[in-house]
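What follows is the residue order along each chain.
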Amino acid sequence: MLLDSISTGAVVRVRAISAEAPIALRLREMGLRPGTRIRIAGRAASGARVVAISGARIAVDRETSSLIEVEPA
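What this report covers is the structure whose coordinates are included nearby. What you see is a predicted model, and the numbers here were worked out from it, not measured in a lab.

**A short note on the sheet that holds strand S1 (residues 11–17)**
- Taken in spatial order, the 5 strands line up as S4-S3-S2-S1-S5 in an open sheet, and their pairing is antiparallel. Across the chains shown, the open sheet's two edge strands, defined by having one partner strand only, are strand S4 (56–60) and strand S5 (68–72). Along the sheet, successive strands turn relative to each other by an average axial angle of 45 degrees, direction set aside.
- With 3 bridges connecting them, S1 and strand S2 (residues 37–43) associate as antiparallel partners. Among the inter-strand pairings, Val12 is bridged to a residue of S2, identified as Ile38.

**Let's talk about the pairing of S4**
- By the bridge criterion, 5 bridges tie strand S3 (residues 49–53) to S4 in an arrangement that is antiparallel. What sits directly across from Val50, in S4, is Ala59.
- The loop that links S3 with its antiparallel partner S4 comprises 2 residues; one of these, Ser54, has a positive phi angle of about 50 degrees.

**What to know about the side chain of Thr36**
- Structurally, Thr36 can be placed in the loop between helix H1 (21–29) and S2.
- Here Gly31 takes part through its backbone oxygen, which lies 3.4 Å from a polar atom of the side chain of Thr36.
- Contact partners of Thr36, with chain neighbours within four places excluded, come to Val12, Arg13, Val14, Gly31 and Ile53.

**Points about the nonpolar core**
- Within the largest apolar cluster, 17 residues are counted, with the highest numbers of intra-cluster contacts made by Leu3, Ile17, Leu32, Ile38, Val51 and Ile68.
- Ranked by residue count, the leading element in this core is S1, at 3 residues.
- Setting aside residues no more than four positions away along its own chain, Val51 makes contact with Leu3, Ile38, Arg39, Ile40, Ala41, Ala56, Arg57, Ile58 and Val60.

**Quick word on the pattern of salt bridges**
- One pass over the full model with this rule turns up 3 salt bridges.
- The partner of Glu69 in a salt bridge is Arg15, with the nearest N and O atoms 3.4 Å apart. A residue pair is termed long-range when its members are at least 10 positions apart, and Glu69 in strand S5 and Arg15 in strand S1 qualify at 54 residues.
- Judged by relative accessible area, Glu69 falls into the partly exposed class, the value being 29%.
- With relative accessibility at 51%, the residue Arg15 sits in the exposed group.
- In this structure, Glu71 and Arg15 form a salt bridge, with 4.0 Å as the shortest nitrogen-oxygen distance. Taken together, the residues span a long stretch of sequence, with Glu71 in strand S5 and Arg15 in strand S1 at a distance of 56 residues.
- For Glu71, a relative accessible area of 30% puts it in the partly exposed group.
- Overlapping salt bridges bring together Arg15, Glu69 and Glu71 as one network.

Rules used throughout
Residues numbered from 1 in each chain as written. Predicted model: local features only at pLDDT ≥ 70, side-chain atom pairs only at ≥ 80, totals over all residues. Heavy atoms only, no water. Pairing = 2+ DSSP bridges. Helix = DSSP H or I, 4+ residues; strand = E, 2+ residues; numbered from the N terminus. Axes fitted to C-alpha atoms, helices over the stretch in contact; angles between N-to-C directions. Polar contact = N/O pair within 3.5 Å; in protein donor to acceptor, adjacent residues only side chain to side chain. Contact = heavy atoms within 4.5 Å. Core = buried A, V, L, I, M, F, W, Y, C linked by side-chain atoms within 4.5 Å. Buried < 20%, exposed > 50% of the residue type's maximum accessible area, 1.4 Å probe, protein only. Salt bridge = Lys/Arg side-chain N within 4 Å of Asp/Glu carboxyl O.

Set out below in structure tokens:
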């Protein structure tokens, strides 16, 4: 499953990130790395996903969220 298809409130685990190196690095710096549990906190008007990771909330744009593969946690 891809992050952009997960509904609000779901808890998932990041399985893989298929982004180019600079984007993948930035996502890892923000805490989005394989094995991390995240909760889908909402969706922005632009279609971005708001995810909760270890008490922080970050927005991941629609294009990038389609590059993040997740699985049920």
